[in-house]
Amino acid sequence: SFQNLRRLTLSDHRGLGDEGVTALAGGRAFAGLTVLELSHNGITGDGLRRLLESPLAGLETLDLSGNHLGEVGSLLAGAANLRRLRYLDLSHNR
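First things first, this report covers the structure right here in the doc. Everything quoted here is computed from the prediction, not taken from an experiment.

1. What to know about the overall build of the protein
Counting its regular elements, the protein contains three helices and four strands. A compact globule built from 94 residues would reach a C-alpha radius of gyration of about 12 Å, and the protein, at 12 Å, matches this within 12%. Along the longest, intermediate and shortest principal axes, the C-alpha atoms of the protein span 35 × 25 × 20 Å. In the protein, buried positions account for 45% of the 94 residues. Excluding contacts between residues fewer than 6 apart, the proportion of contacts in the protein whose partners are at least 24 apart in sequence is 83%.

2. So, the pattern of salt bridges
Once their charged atoms are close, side chains differing in charge can pair, the charge on each being opposite to the other. Within the structure shown, the criterion is met by three salt bridges. Across the pair D46 and R49 runs a salt bridge whose closest N-O atoms are separated by 2.7 Å. Here D46 pairs with R49, and both are found in helix α2 (residues 45–52), just three residues apart, close to one helical turn. By relative accessible area, which is 39% here, D46 ends up partly exposed.

3. Here we look at α2
Two residues of an α-helix separated by three or four positions point the same way, owing to the 3.6 residues in each turn. Considered for burial, the residues of α2 that qualify are G45, G47, L48, L51 and L52. In a view along the axis of α2, the buried residues occupy a sector of 155 degrees, so they form one face of it. Packing partners of the buried residues in α2 comprise α1 (17–25), β2 (35–37), β3 (61–63) and α3 (73–77).

The rules behind these values
The written sequence of each chain sets the order in which its residues are numbered from 1. Since the coordinates come from a predicted model, pLDDT governs what is reported: local features require at least 70, and pairs of side-chain atoms require 80 or more to be given and counted, while whole-chain, interface and lining totals use all residues. For side-chain calculations, the full set of non-hydrogen atoms in the structure is used, while hydrogens and water are omitted. Counting from the N terminus, the helices are the DSSP runs of H or I reaching at least four residues and the strands are the DSSP runs of E reaching at least two. The quantity called the radius of gyration is restricted to C-alpha atoms. Its globule counterpart is 2.2 Å times the number of residues to the power 0.38. Exposed residues in this analysis have more than 50% of their type's maximum accessible area, buried residues have under 20%, and partly exposed residues fall in between, with area computed by a 1.4 Å probe over protein chains only. In what follows, residue pairs with any heavy atoms lying within 4.5 Å of each other are defined as contacts. One speaks of a salt bridge when a side-chain nitrogen belonging to Lys or Arg is within 4 Å of a carboxyl oxygen belonging to Asp or Glu. Here, the arc refers to the directions that run from the helix axis to the C-beta atoms.

Take a look at the structure:
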């Protein structure tokens, strides 16, 4: 069980992509996270959309740098479940 998981770092796993994020988002592993690092994983806007649909209410740090997110402003603006977010890294995205 991942109930006590607070930090998850999966950076530089280029094979993770949207499918991997979808699989992770579909489980309860994200529910207690405060830090999620997913830099350089080939994630696109579709993967981000699925991620934002998962339970992220306690998330304070989100690193999505170095992916392929494109224009994400509207997706993030509608993410009501990110109220505790204090640090967001979207640098080096295409």
